[in-house]
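Descriptive analysis of the structure
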Amino acid sequence: MKQSKQIGQTCEEAANKRSVNGGNSAELAKKEDIDGFLVGGASLKGPEFAIIINSVTSKKVAA
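Criteria and thresholds
- Residues numbered from 1 in each chain as written.
- Predicted model: local features only at pLDDT ≥ 70, side-chain atom pairs only at ≥ 80, totals over all residues.
- Heavy atoms only, no water.
- UniProt positions renumbered as here; feature names shortened; annotations may be inferred.
- Helix = DSSP H or I, 4+ residues; strand = E, 2+ residues; numbered from the N terminus.
- Buried < 20%, exposed > 50% of the residue type's maximum accessible area, 1.4 Å probe, protein only.
- Contact = heavy atoms within 4.5 Å.
- Areas by Shrake-Rupley, 256 points an atom, 1.4 Å probe, with all protein chains shown as cover.
- pLDDT = per-residue confidence, 0-100.
- Polar contact = N/O pair within 3.5 Å; in protein donor to acceptor, adjacent residues only side chain to side chain.

The protein is annotated in an unreviewed UniProt entry as Triosephosphate isomerase of Cannabis sativa. Among the UniProt annotations of the protein, the heading Subunit (unreviewed entry) holds the following wording: "Homodimer."

**Let's talk about the overall build of the protein**
Secondary structure summary: the protein contains 3 helices and 0 strands in total. The linear arrangement of helices and strands in the protein, starting from the amino end, is α-α-α. Across the 63 residues of the protein, 22% fall into the buried class. A separation threshold of at least 6 residues defines the contact pool for the protein, and within that pool the share at least 24 residues apart is 38%. With an accessible surface of roughly 4600 Å², the protein has 54% of that area assigned to carbon and sulfur atoms.

**Some remarks on the environment of Val61**
Structurally, Val61 can be placed in the segment after helix 3 (46-56). Residue classification places Val61 among the partly exposed residues on the basis of a relative accessible area of 38%. For the pair formed by Val61 and Pro47, sequence separation is 14 residues and the distance between their alpha carbons is 9.9 Å. Sequence-distant contacts of Val61, that is, excluding residues within four places in its chain, are made with Ala50, Ile53 and Asn54.

**Overview of the confidence of the model for the protein**
Low-confidence regions, as indicated by low pLDDT, have predicted coordinates that should not be scrutinised in detail. Averaged over the protein, the pLDDT score is 77; the fraction of residues at 70 or greater is 70%. Averaged pLDDT values over the elements of the protein bottom out at 54 in helix 1 (residues 11-16) and peak at 92 in helix 3.

**Notes on the environment of Lys45**
Relative to the assigned elements, Lys45 resides in the loop between helix 2 (25-29) and helix 3. Accessibility expressed as a relative area gives 48% for Lys45, which makes it partly exposed. Separated by 18 residues in the primary sequence, Lys45 and Ala63 have C-alpha atoms spaced 8.7 Å apart.

**Focus: the side chain of Ser25**
With respect to the helices, strands and loops of the structure, Ser25 is situated in helix 2. Residue Ser25 is classed as buried on the basis of its relative accessible area of 0%. Looking at Ser25, its side chain comes within polar contact range of the side chain of Ser55, at 3.4 Å. Setting aside residues up to four positions removed in sequence, Ser25 forms contacts with Val20, Phe37, Ile51, Ile52 and Ser55.

Structure below.
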């Protein structure tokens, strides 16, 4: 049986309810089975949010 998962999370991460951050976004963006991110408190921190956005887009944004 396939385990359901939230968008942007692997099955293991969905079970742990972890969100993406500047430290793990680049690695997670490379995974084929991830098509989006759950961004929590990092969305309130301009520089960290820019790191997340830049890890998934070719057009770089400033913080």
